[in-house]
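Architecture at a glance
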Amino acid sequence: MEFFFKHTKKLIIASITLFILLAIIGYFVINGDDTNLTYKDHHIAYNDGWDLTIHGSTEENVTLPVYVKTSKHESAVLSRELPDVIPDDSAITTRNYHQILEVRVDGELIFSLPNENWNHASNIISDEWCLIEIKPEYAGKTLEMSYTNTTVFPFTAYIGDYYFGDDNSIVHHIRDKGFPGTIIGIIMISIGLLLFMISIFYRKHTNQSTNTAMGLAFMCFGFWMANRSKMGLFSAYSFYVYQLALMALLLVAPLVFLYSFFRNHAFKRTAFGGFIICALCDIFLVSSSFFINYDIEIICMFSYGLTALALTLNAYSLFQGGFGKPIPGQRPIDRLLDQTEFISNLIFPVFGTVELLTYNRMLWTESSEMFMTAILVYAFIYWFFIFWRTFLVVQDRTNVTKQLHDSRMELMMGQIQPHFIFNTLSSIRTLVMVDPKLSYDMLYDFSNYLRANIDNVTNLEGIKFSAEVEHIKSYVNIEKVRFGDRLEVEYDIQADDFTVPPLSIQPLVENAIKHGVCKKMEGGTVYLRSYETDDFYVVEVDDNGIGFNAESASKVFGAFLTGNASNHKNGPISPSDLGTVIESLNLLDKEGEKIQIIESAIVSEPSLTGNGSEKHHSAGMMNIMLRLKEMSTAKVEIESKENEGTTIKVLFPKKVADAGSDDTNEE
């Protein structure tokens, strides 16, 4: 918890500082001296008195803005007479929405977009504020603005506001007009960056993959929104910025699908498939845009549509988690968070519907106030609940750490239960008179066994597997004296220079001895093997004992099915691990048919213990799995066939095991 609060304070300070800097930057941008404030209001809206020619017919006295329907390569022409007197440094400006724009004065071409300076690496025409110089000699002449549609389909084209006057005044006005949209975009980028920082800071302590994906999605969408405001107008690099913004928009859908993959439990394959399909489509669109004349509306519709599909999938998953059938092991707070996040997802269809009914906008290429507000509200809600969720997860990890310590203490005490001590001391006492050398060796093994248990109670870093093997041999030597010829243990140790949690493999060997081979009258053999693959260090504990039957399997693993294992006093298993536990089992009956595990609300019968005490039940195995998962992210696979034996395979990821080995060496 101290770690969380320490870094949370830094994140809050960073957030407040960032927003203050944005406010200061905004103030200087709006009121700075980069434009001539003397001419701040020396411009007018130039929207009245235009003649619109389209489809060969002319409509007089049109007031802008206006929507026109044109087919591909068809033009709409606006015309009017310029004032009789035009001062120096005058200009006219309008925002061109992805059309080919040509400006003529009495038939003479004075401006075009694209022009000879246009970068033709892509056929996509961005939308730009076009600042067109109007010279004094143009006074009284006819101005013509020709818009040529380049779309594949006959979408409605938009001709926006015109401004006429001093060029400095116009620039200042357009920057003021675009400032709110730019700030909203920057805030979105900031929220995404903060989420990404959270995912980096807490990656070692919590699963932050969802925050990484959504943080990047927010940053990409914020960059697109900031570019939509066109505050940095008339820049020589505006085309390149627009291309980057378009690619950022295309990244939103696959990132949302990736977020959904990490976030939900029921539709992982669907979400991952959506991520792959979106990524491939984006690569195709970006690469083919160099030789296919895509209309920008098609790309935006494609991106928004896939993003909406990803959000719908995620919303349905959240609805299932928040209002559907409870998931085994799901905590009440997780259910509440799913409900709240689902409700926040409803912002999009609600705001989108209001937008469609209230405004006549080009939603695919324009980020309107309603849409931008919806995105911003959702981003703040998401950031708040991720912050809350991270707090709860870190709190849970603190509790788990404490329970791990308690579990380790209980396991150690279970390992040296009085009956075990008395039996061992009684055997030593008897051997002193019969075989002093064997009693000496047994006393040595017993002291090593006790020392290892006591030393490892507070060990949170792990130990070398070679040390765990020595501990196992001490225990086995004691048991071989007690069980005689009924017990054989064979070792095949091919890898031992890696880190394992202390007291993690020895209980598995003990289980194999006490609840496997020694349950058979004739006894049997336990095999301890270790080897390495490309990705894992593998430890196998194999026995030819009695194996699992349906009854014993249900007693040991039935609690996992109902989620009671997560609340067991002897060692909680996180809800996300419950499915992994069941999937790792391959239990067969005498006929080789898979054993059906029966749900068990309370484990009340002696079973696989893992702690040497007949008073402990399946909690021992739960403790082992908990410690292996929490301390080394190890995977446990169990295979068993009734009357033939059991194999328990533990796979330690090399990165974790090797890192632990390095830490052990440094100490």
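Residues numbered from 1 in each chain as written. Predicted model: local features only at pLDDT ≥ 70, side-chain atom pairs only at ≥ 80, totals over all residues. Heavy atoms only, no water.

1. Notes on the packing of aromatic side chains
Scanning the model with the defined rule gives 14 aromatic pairs in all. Taking 6.4 Å as the distance between ring centres and 45° as the angle between the ring planes, the aromatic pair formed by Trp-129 and Tyr-163 counts as tilted. With Trp-129 in strand 9 (residues 128–133) and Tyr-163 in strand 12 (residues 162–166), this residue pair connects regions lying 34 residues apart in the sequence. Grouping residues by exposure puts Trp-129 and Tyr-163 together as buried. When the ring of Phe-261 is compared with that of Phe-272, the centres are 5.4 Å apart and the planes differ by 50°; the resulting orientation is tilted. With Phe-261 in helix 4 (residues 238–263) and Phe-272 in helix 5 (residues 268–288), this residue pair connects regions lying 11 residues apart in the sequence. Put simply, the rings of Tyr-46, Trp-50, Tyr-162 and Phe-164 touch in pairs and so form one group of aromatic residues. (Phe/Tyr/Trp six-rings, centres within 6.5 Å; stacked < 30°, edge-to-face > 60°. Helix = DSSP H or I, 4+ residues; strand = E, 2+ residues; numbered from the N terminus. Buried < 20%, exposed > 50% of the residue type's maximum accessible area, 1.4 Å probe, protein only.)

2. Some words on unusual backbone geometry
Leu-64 connects to Pro-65 through a cis peptide bond whose omega is 0°. Note that Pro-65 resides in the loop between strand 3 (57–62) and strand 4 (66–69). The phi torsion at Asp-89 lies on the positive side, around 60°, for a residue other than glycine. Relative to the helices and strands, Asp-89 resides in the loop between strand 5 (75–81) and strand 6 (90–96).

3. Observations regarding the sheet that holds strand 12
What links the strands of a sheet is backbone hydrogen bonding, and the strands pair in either a parallel or an antiparallel sense. Spatially, 4 strands are ordered 1-12-6-9 in an open sheet, and the strand pairing comes out antiparallel. Among the strands making up the open sheet, the edge pair consists of strand 1 (43–45) and strand 9. Here the strands of the sheet are splayed against their neighbours by 20° on average, with no regard to which way each runs. Sheet topology note: the strand 1/strand 12 ladder contains 3 bridges and is antiparallel. Bridged to Ala-45 within strand 12 is Tyr-163. Across the sheet, helix 2 (residues 167–201) is in contact with strand 1, strand 6, strand 9 and strand 12; its angle to strand 12 comes to roughly 135°. (Pairing = 2+ DSSP bridges. Axes fitted to C-alpha atoms, helices over the stretch in contact; angles between N-to-C directions. Contact = heavy atoms within 4.5 Å.)

4. Notes on the confidence of the model for the chain
Of the residues in the chain, 69% have a pLDDT of 70 or more, and the chain-wide mean is 75. Per-element confidence in the chain is highest for strand 16 (residues 524–532), whose mean pLDDT is 93, and lowest for helix 15 (residues 575–583), whose mean pLDDT is 53. Low pLDDT, under 50, characterises residues 601–618; the stretch is placed with 50 contacts to residues that sit more than four places away or in other chains. (pLDDT = per-residue confidence, 0-100.)

5. Here's the deal with a negative patch on the surface
Residues Glu-81, Asp-84, Asp-106, Glu-108 and Glu-144 make up a contiguous surface patch of negative charge. Look at Asp-106 and you get exposed, because its relative accessible area is 51%. (Patch = residues over 30% accessible without salt bridge, like charges linked within 9 Å, V, L, I, M, F, W, Y side chains within 5 Å. Areas by Shrake-Rupley, 256 points an atom, 1.4 Å probe, with all protein chains shown as cover. Salt bridge = Lys/Arg side-chain N within 4 Å of Asp/Glu carboxyl O. Lys, Arg positive; Asp, Glu negative; His and termini not counted. Charge placed at Lys NZ, Arg CZ, Asp CG, Glu CD.)

6. Some details on the environment of Val-354
Topologically, Val-354 is positioned in helix 8 (residues 347–358). Overall, the relative accessible area of 34% leaves Val-354 in the partly exposed class. A C-alpha to C-alpha distance of 9.5 Å links Val-354 and Phe-371, two positions 17 residues apart in sequence.

7. Comments concerning helix 13 (residues 506–514)
With 9 of 9 residues buried, helix 13 is to be regarded as a mostly interior element. When helix 13 is considered as a whole, its buried residues turn out to be Gln-506, Pro-507, Leu-508, Val-509, Glu-510, Asn-511, Ala-512, Ile-513 and Lys-514.

8. Quick look at the pattern of salt bridges
Counting across every chain of the model gives 11 salt bridges. Notably, a salt bridge pairs Glu-540 with Arg-529, separated by 3.5 Å at the nearest N-O pair. Residue Glu-540 is found in strand 17 (residues 536–543), and its partner Arg-529 is found in strand 16; the two are separated by 11 residues along the sequence. We classify Glu-540 as buried; its relative accessible area is 11%.

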